[in-house]
Amino acid sequence: MPEKLTPPVRYRHEGEPAPQEGAGKSKRTRSARSYDDGKTRVKASRFFNFAKFKADYLVTGGIDIPFFALTIVILAIGLVMLFSASYPYSYFMRGNSYHYFFRQLIFAVFGVVAMLAASKLNFKFFKAAAPYLLGITLFLLVLVLFYHTGVSTDEGEAFRRYMKIPGTPFTFQPSDIAKFTLVTTLATYVSMFSKEMKTFKYGILIPVAIIGVYCLLIMAENHLSGTIIVGVIGLSLMFAGGTNKRIFIIGVAILVAVVLVVLMFPEILPKYIQTKLQAFNDKDFEPLGARWQTNNSLYAIGSGGLFGVGLGNSKQKYLYVSQPQNDFIFSIVCEELGFVGAVIIILLFAALVIRGFIIALRAPDKFAALTVIGIMVQVGVQVAFNILVVTDSIPNTGIALPFFSYGGTALVMLLFEMGVVLGISRKSNQRKVIEE
């Protein structure tokens, strides 16, 4: 037994000078911070430091429960309606009534996992990664123009929207990723140059150039609806970011004038867009062709009445509404759930968007607020445009209904974006607790 026991912790006596930094540390303690292979000593800081990553980029605190609940409810309704709308077409085309539903269910599971993971990330992670996300997105948008699936319009023009994932039967749309990265890019830009946003150079010229590059690349895919959505997202973030309102309004007026001129001379547009415009303007145009999907969508909506024909009882989904699991799924919703069911779903979407804007108002900084605004504008615009298309209020541009329409990339990315909003809501809740 030793003559004297050394206590595990030595307390400094009053008046005793503090030990110098690093004094008294054992070789074992120092060696834990470095790796010595006998030849070269490599500092641990050069390797991935999870503790530092956790401190810098992972966030704790409670998520916004109403926003999370609305997301899950809309997703659940969307999966039910996708199965109901898709099983006749799935059986006819694939020989399996569950083909589209099972695939969408798999994407939904991956999407929920992505949402929960994103909700744990500090929004500063996306701000730091914004330049890299921009570079990857532009690369994919260029790559898809050369490496894409072989789908073409009735007029023979190629749709260059989807890329094959090597080694899998799945494809994805780079434009779905572009919607999110445009939000992070502009949110980062505005937060960096917030004081200069009133000037023409920083408030108009540079943001318009960024949005223009996105729109040109997506339009080159023959993807009109994606171009419109990206453009609206970009303009909304410019407006919310503090662009000079007078210059902004003049710019939007010029843009509207250009669109009107183009509509007056549609021959300068791609042929498939000309056909869509003609089908919208002339309700008797090609009833068995360009107007087929829209006409049968209207029949479905009218058949639903006030309370609908009942879940699963749609008749128009039996090969009348073309690919009812995609852009025109809302017409099947109206037929089966009626006007009341359709209004309830619209109100759920409205509640989700409004709750998102509330989270944006409580966001801890401008980047976080603009990120939430951009994501919520994307959801709101897609819902509004999809319903306008289905009801023949605007030309058929092929806009999907969020959480409802079939599509793996779109669903996973959408749920991931909901996770980003939830992550920002954690920081907002932390701030609220501290203030209280």
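Presented here is an overview of the structure given in this document. Note that this is a predicted model, so its numbers are computed, not measured.

1. Re the overall build of the chain
Scanning the chain for helices and strands turns up 14 helices and six strands. Of all 436 residues assigned to the chain, the portion counted as buried reaches 43%. Once local pairs closer than 6 in sequence are excluded, the contacts in the chain between residues at least 24 apart make up 72%. Split by element, the accessible area of the chain, about 23,400 Å² in all, is 66% carbon and sulfur.

2. As for the nonpolar core
In summary, soluble globular proteins display a tendency toward joint burial of nonpolar side chains. Membership of the largest hydrophobic core comes to 87 residues, with the highest contact counts inside it found for Phe349, Met376, Val379, Phe403, Phe404 and Met418. Not counting residues up to four positions away in its chain, the partners in contact with Met376 are Phe67, Leu352, Val353, Gly356, Phe357, Met418 and Val421. Phe159, Leu224, Ile273 and Leu277 belong to the second-largest nonpolar core, a separate cluster that totals five residues.

3. Some remarks on the pattern of salt bridges
Here the structure, examined in full by the defined rule, presents five salt bridges. For Asp392, the salt bridge is made with Lys283, and the minimal N-O distance between the two is 3.0 Å. Residue Asp392 is found in the loop between α13 (366-390) and α14 (408-435), and its partner Lys283 is found in the loop between α10 (271-281) and α11 (292-304); the two are separated by 109 residues along the sequence. By relative accessible area, which is 38% here, Lys283 ends up partly exposed. One salt bridge in this structure joins Lys317 and Glu336, with 2.9 Å as the shortest N-O distance. Within this pair, whereas Lys317 is found in the loop between α11 and α12 (329-361), its partner Glu336 is found in helix α12, the two being separated by 19 residues in sequence.

4. Here we look at unusual backbone geometry
Backbone geometry places Glu286, a non-glycine residue, at a positive phi of 40°. With respect to the element layout, Glu286 can be found in the loop between α10 and α11. Phi at Asp392 is positive, roughly 65°, even though this residue is not glycine.

5. Focus: the packing of aromatic side chains
Pairs of aromatic rings are described using the distance from one ring centre to the other and the angle between the two planes. This model, assessed by the stated rule, comprises 17 aromatic pairs. Each member of the aromatic cluster is reached from another via a ring pair, and the members are Phe83, Tyr87, Tyr98, Phe101 and Phe102. Seen from the ring of Phe239, Lys245 lies directly overhead, with NZ or CZ sitting 5.0 Å from the centre. Lying across the ring of Phe280, Lys283 places its NZ or CZ 4.3 Å from the centre.

6. Points about the side chain of Ser225
Relative to the elements of secondary structure, Ser225 occurs in helix α8 (residues 224-240). Of the polar contacts made by the side chain of Ser225, one reaches the side chain of His223; its length is 3.3 Å. With sequence-adjacent residues up to four places away left out, Ser225 is seen in contact with Thr397, Gly398 and Ile399.

7. As for the environment of Ala117
Structurally, Ala117 is set in helix α4 (residues 99-118). In sequence terms Ala117 and Phe416 are 299 residues apart; their C-alpha atoms lie 8.2 Å from each other.

8. Regarding helix α7 (residues 200-219)
For α7, the complete set of buried residues consists of Gly203, Ile204, Pro207, Ile210, Ile211, Tyr214, Cys215, Leu217 and Ile218. Those residues of α7 that are buried lie in contact with α5 (123-143), α6 (174-192), α8 and α9 (245-264). At the N-terminal boundary of α7, the capping side chain belongs to Thr199, with an oxygen 3.4 Å from the backbone nitrogen of Tyr202.

Conventions we followed
- Residues numbered from 1 in each chain as written.
- Predicted model: local features only at pLDDT ≥ 70, side-chain atom pairs only at ≥ 80, totals over all residues.
- Heavy atoms only, no water.
- Helix = DSSP H or I, 4+ residues; strand = E, 2+ residues; numbered from the N terminus.
- Buried < 20%, exposed > 50% of the residue type's maximum accessible area, 1.4 Å probe, protein only.
- Contact = heavy atoms within 4.5 Å.
- Areas by Shrake-Rupley, 256 points an atom, 1.4 Å probe, with all protein chains shown as cover.
- Core = buried A, V, L, I, M, F, W, Y, C linked by side-chain atoms within 4.5 Å.
- Salt bridge = Lys/Arg side-chain N within 4 Å of Asp/Glu carboxyl O.
- Phe/Tyr/Trp six-rings, centres within 6.5 Å; stacked < 30°, edge-to-face > 60°.
- Lys NZ or Arg CZ within 6 Å of the ring centre and 35° of its normal.
- Polar contact = N/O pair within 3.5 Å; in protein donor to acceptor, adjacent residues only side chain to side chain.

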